[in-house]
Amino acid sequence: MSENTATNSRLIATKAALWCLVGAAAVVVGVRYALGLGLTTALTDTTPWGMWIGFDVLSGVALAAGGFVLAAAVHIFGRERYHGIVRPAILTAFLGYLGVIIGLLVDLGRPWNIWRPVFQQNLHSPLFEVAMCVMLYTTVLALEFAPTALERWRRAQPVVRLLRRLVLPLVITGICLSTLHQSSLGTMFLLTEGRMHPLWYSPLQSPLFLISAVALGLGMVTLEGVVSAWLYRRKAEWQLFGGLTRAAAVVLGLYLVVRLVDLGVRGMLGHAVDGSGFAVLFWLELALSAVLPILLFTLPQSRGQPWAHGWGALLVVAGFVLHRADVGGISHVAITGEAYVPALTEVVTSLGIVAGLALVFLFCVERLRIWEEPPAAPDLFARTAFDPVGRQYIGAPWFGGGQRAVLALVVGAIAGVILVEAQVAVRERTRAAPVAAPKNALIVRAQNPSGPGHDFELVASSGETPFDAGVDLHPVILIDSGGAERYVLFEHEAHQGRLGGQTACALCHHRNVPLDLATSCAQCHRDMFETTDTFSHARHETALGGRESCATCHVDADAPKSRAAAKACDDCHRPPRPDATLVRATIELPAGLAPGYLDAMHGLCLRCHLQEDAAAGEPHLGRCATCHRNRFDDKDELIRRTRSVARAGGSGGPGLEEAKGMNP
């Protein structure tokens with residue numbers, strides 16, 4: 001019999017820690033949805049997959065494999081002795097798949113499009129198969145778990161009876177779906193041959209993923225049973241766990257043999273002894289996931305010992321989580337050279353998702369009949385609380401489970417705010433700062449009455465003309481100057497005329513997208529500070545004739561399929577002659593990567609202004625206030641820029657409000 005849940009200090013402390021993690025993760029996820037992935041992750045254009053894919057999705061799917069493994073053992077192979085742990089295994093699998101979906105919703109840049117695979121099928125994509133199988137299998141798991149959740153409701157008994165009659169078809173369907181997408185996750189990485197270290201890439205990726213999922217499912221069911229027994233101070237089902245670990249040892253042995261033989265046949269075992277960090281990582285992963293658990297589960301000194309079940313299962317889980325992380329990202333670093341270390345906010349988010357699902361598991365254990373012998377419920381006849389002085393009835397004890405949960409949640413939320421603020425301070429420029437497209441506006445230009453130069457009066461930014469036909473209007477462009485409706489007023493025609501007319505476009509527009517003559521700077525330099533990847537693999541593939549055209553760029557078939565190993569872009573796209581453009585690269589970046597908008601614009605405009613300053617005697621042309629008029633509104637700056645004062649308002653055009661940042 002387990003200890004009463006109301007007095008179990010071990011359970012109380014664990015729940016408080018879980019609620020704290022949920023609070024911290026809730027704040028981070030809120031910031032992620034409000035301000036984007038840039039602030040809450042270490043992801044970039046060149047490293048778009050991180051911890052949320054490697055852990056939440058790849059590992060989450062594998063960790064939930066215990067559901068179909070136990071269901072098959074009991075309902076297909078007739079191992080009725082395991083019937084008592086089928087319900088917790090199904091619940092763990094159901095929550096695991098919910099965690100995968102939650103992780104995807106957090107990771108996807110546009111999560112509201114997650115429904116699209118249902119109606120816009122790509123039948124040739126492994127990801128489509130994975131998406132459909134995950135959705136269908138989650139539905140099957142919900143139907144398998146529904147009788148447990150509804151059996152105490154008298155009105156739901158017809159539904160419960162119906163679902164119990166359908167158990168066998170549901171189990172068979174679940175096994176089919178689960179085996180399909182467990183292996184398809186491995187299939188997906190057959191496409192990344194050129195991006196993975198040889199120790200992790202394998203043409204047998206699909207069977208390796210499936211075999212390891214079976215072993216991981218057995219390990220996860222064992223670990224969940226051991227941990228929940230410790231948590232509720234109840235006797236664990238050691239006899240059943242002994243059977244699971246013996247089966248796991250056989251599966252792990254098969255996995256180990258397949259993996260090593262595959263490397264040997266392909267001549268890749270040499271990489272495992274080359275002394276590199278990846279070789280060390282390879283052996284560490286194999287030791288954790290297979291070698292040590294096999295020894296713990298089979299050696300006479302440890303076989304059948306409770307400690308060996310617990311530690312062995314823990315090593316299996318840790319080892320295969322590391323394997324999924326290696327396949328999903330770490331092994332790619334060996335080829336791409338683009339290191340990635342998850343931000344603390346990513347780690348907290350993943351832990352928060354796991355913590356939230358663990359709380360749901362504990363709730364179901366305490367409220368539903370998950371175990372054959374459920375934990376002892378709190379005493380319904382607990383002593384009533386009275387005020388010790390006035391002896392007035394004050395209801396339930398003042399600090400029960402609900403109050404503890406709220407307090408832990410608040411503490412976690414405060415920790416989440418501190419974490420986000422710390423990340424903002426350390427990595428301020430990693431916050432996504434998309435550049436706004438340039439706006440077209442109209443100005444009235446008048447001669448400066450007090451000297452040379454002109455006064456500008458911004459009259460409209462939407463193209464409507466609120467003036468009489470006799471008013472001399474000039475088109476200008478408002479360029480994003482760091483967001484918050486700050487703009488730089490740019491007289492495009494004046495600059496064009498000064499540089500040589502319409503034949504001078506290439507002096508500034510050094511690169512154009514297809515079928516465009518003068519592509520806007522903001523179209524390639526899309527972030528104010530961060531590098532933008534402008535290369536579109538799909539567009540090149542289509543233009544060159546589909547997948548048969550790979551060799552056009554990837555000339556060396558044995559070289560990794562990476563940007564660095566592909567044919568140089570300049571072989572096809574001739575770079576502009578140095579004398580044909582004013583653009584000079586100030587940062588060395590691989591082809592296809594565009595520096596941040598701020599660096600690009602300053603690199604072009606400021607350099608030219610400084611040259612004009614020196615050559616034509618313009619004393620203030622290189623000053624910040626020459627362009628950023630709204631940001632230097634002190635008296636001295638106003639005096640210095642009297643030659644080009646911009647004033648908003650006056651005639652009040654319809655779109656004037658959008659340009660209010662132009663106020664000096």
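Structure's up top.
A brief report on the enclosed structure follows.

Basis of the calculations
Residues numbered from 1 in each chain as written. Predicted model: local features only at pLDDT ≥ 70, side-chain atom pairs only at ≥ 80, totals over all residues. Heavy atoms only, no water. Core = buried A, V, L, I, M, F, W, Y, C linked by side-chain atoms within 4.5 Å. Buried < 20%, exposed > 50% of the residue type's maximum accessible area, 1.4 Å probe, protein only. Helix = DSSP H or I, 4+ residues; strand = E, 2+ residues; numbered from the N terminus. Contact = heavy atoms within 4.5 Å. Expected span 1.5 Å × (residues − 1). Polar contact = N/O pair within 3.5 Å; in protein donor to acceptor, adjacent residues only side chain to side chain. Axes fitted to C-alpha atoms, helices over the stretch in contact; angles between N-to-C directions. Left-handed = near helix turned anticlockwise from the far one by under 90°. Phe/Tyr/Trp six-rings, centres within 6.5 Å; stacked < 30°, edge-to-face > 60°. Lys NZ or Arg CZ within 6 Å of the ring centre and 35° of its normal.

**Let's talk about the nonpolar core**
Grouped together as the largest cluster of nonpolar side chains are 97 residues, with contacts concentrated most on L70, F145, L244 and I370. A per-element tally of this core places helix α10 (residues 205-231) first, with 12 residues. Setting aside residues no more than four positions away along its own chain, L244 makes contact with L70, Y82, I85, L218, V221 and T222. The next biggest cluster of nonpolar side chains, apart from the first, holds nine residues, and it includes A433, I479, M528 and Y597.

**Some words on the environment of T519**
If you trace the backbone, T519 turns up in the loop between α16 (492-499) and α17 (521-524). It is 9.9 Å that separates the C-alpha atoms of T519 and C508, two residues lying 11 residues apart in sequence. With near-sequence residues (within four places) excluded, T519 lies in contact with H509, R511, N512 and V513.

**Details of helix α5 (residues 86-107)**
Under the 1.5 Å per step criterion, the end-to-end length of α5 is 31 Å for 22 residues, consistent within 8% with the ideal 32 Å. Of all the 22 residues making up α5, 16 are buried; the element is thus mostly covered by neighbouring parts of the structure.

**Points about the side chain of T148**
Relative to the elements of secondary structure, T148 occurs in helix α7 (residues 126-150). A polar contact of 3.5 Å, which involves the side chain of T148, links it to the side chain of R87. Discounting chain neighbours no more than four positions away, the residues touching T148 are R87, L368, R369 and I370.

**A few points about unusual backbone geometry**
Positive phi, close to 55°, is recorded for R233, a residue that is not glycine. Take R233: it is sitting in the loop between α10 and α11 (238-265).

**Section: the packing of α5 against α7**
α7 packs onto α5 with a crossing angle of 140° between their chain directions and a minimal axis gap of 9 Å. The two elements α5 and α7 cross, and the hand of that crossing is left-handed. Facing R87, I90, L91, A93, F94, Y97, L98 and I101 of α5, the residues of α7 in contact are V134, Y137, T138, L141, A142, E144, F145 and T148.

**Considerations on the packing of aromatic side chains**
Taken as a whole and judged by the stated rule, the model has nine aromatic pairs. On the numbers, 5.4 Å between centres and 90° between planes, the contact of Y232 with W371 is edge-to-face. Of this pair, Y232 sits in the loop between α10 and α11 while W371 is found in the loop between α14 (344-367) and α15 (401-426), placing the two residues 139 residues apart along the sequence. Here Y232 and W371 have matching classes, each one buried. Of note, R234 hangs over the ring of W371, and the distance from its end group to the ring centre comes to 3.9 Å. The positively charged end of R324 is found above the aromatic ring belonging to F209, 4.2 Å away from the centroid.

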